[in-house]
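Close look at the chain arrangement
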Amino acid sequence: MRLSLTYIRYINSPEWKRRRLRALKLAAYRCQVCHSPERLEVHHSTHTRMGHEADSDLIVLCHGCHRVVTVWIRVKRWRWMSMRIRI
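In this report, we go over the structure that sits alongside the text.

Analysis parameters
Residues numbered from 1 in each chain as written. Predicted model: local features only at pLDDT ≥ 70, side-chain atom pairs only at ≥ 80, totals over all residues. Heavy atoms only, no water. Helix = DSSP H or I, 4+ residues; strand = E, 2+ residues; numbered from the N terminus. Buried < 20%, exposed > 50% of the residue type's maximum accessible area, 1.4 Å probe, protein only. Contact = heavy atoms within 4.5 Å. Areas by Shrake-Rupley, 256 points an atom, 1.4 Å probe, with all protein chains shown as cover. Lys, Arg positive; Asp, Glu negative; His and termini not counted. Charge placed at Lys NZ, Arg CZ, Asp CG, Glu CD. Pairing = 2+ DSSP bridges. Patch = residues over 30% accessible without salt bridge, like charges linked within 9 Å, V, L, I, M, F, W, Y side chains within 5 Å. Salt bridge = Lys/Arg side-chain N within 4 Å of Asp/Glu carboxyl O.

**What about the overall build of the chain?**
When you go through the chain residue by residue, the secondary structure sums to three helices and two strands. Going from N to C terminus, the chain has its helices and strands arranged as α-α-β-β-α. Each of the three principal axes of the chain carries a C-alpha extent, and together these read 45 × 30 × 20 Å. Out of the 87 residues belonging to the chain, those deemed buried represent 25%. Long-range contacts, defined as pairs at least 24 residues apart, comprise 49% of the intrachain contacts of the chain with a sequence gap of at least 6. Carbon and sulfur atoms form 59% of the exposed surface of the chain, whose accessible area is close to 6900 Å². Here the chain carries 18 positive and 6 negative side-chain charges, and the mean point of each set is 8 Å from the other.

Have a look at this one:
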């Protein structure tokens with residue numbers, strides 16, 4: 001996945017750091033899938049409100065769960081694109 005310069009700047013901004021901390025607090029500093037407190041990451045479930053995310057746009061995941069979710073999303077996207085190409 002190629003990240004845009006805008007996304008990279010946002011992820012390194014003080015605004016994102018505050019938003020990320022809020023998401024972590026709301027999730028009680030635990031992965032929202034397996035409840036691990038280790039290696040937490042905040043995942044965007046949508047990028048439509050980037051910079052103005054709703055609480056529901058973000059999910060706290062441990063590194064392992066984040067990898068699984070990312071692979072699942074990519075497979076789903078690949079299958080969807082494959083189906084569209086056949087039409």
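**Overview of the pairing of strand β2 (residues 58–62)**
Most of β2 sits out of view: four of its five residues are buried. Two strands pair when backbone bridges link them, and strand β1 (residues 40–44) and β2 are joined in this way by five bridges, in the antiparallel orientation. The partner of Glu41 across the bridge, within β2, is Leu61.

**Observations regarding a nonpolar patch on the surface**
A contiguous nonpolar surface patch, about 250 Å² in accessible area, is contributed by Leu3, Leu5 and Ile8. Following the sequence through the fold, Leu5 ends up in helix α1 (residues 5–11).

Any functional reading would require information beyond the geometric quantities listed.
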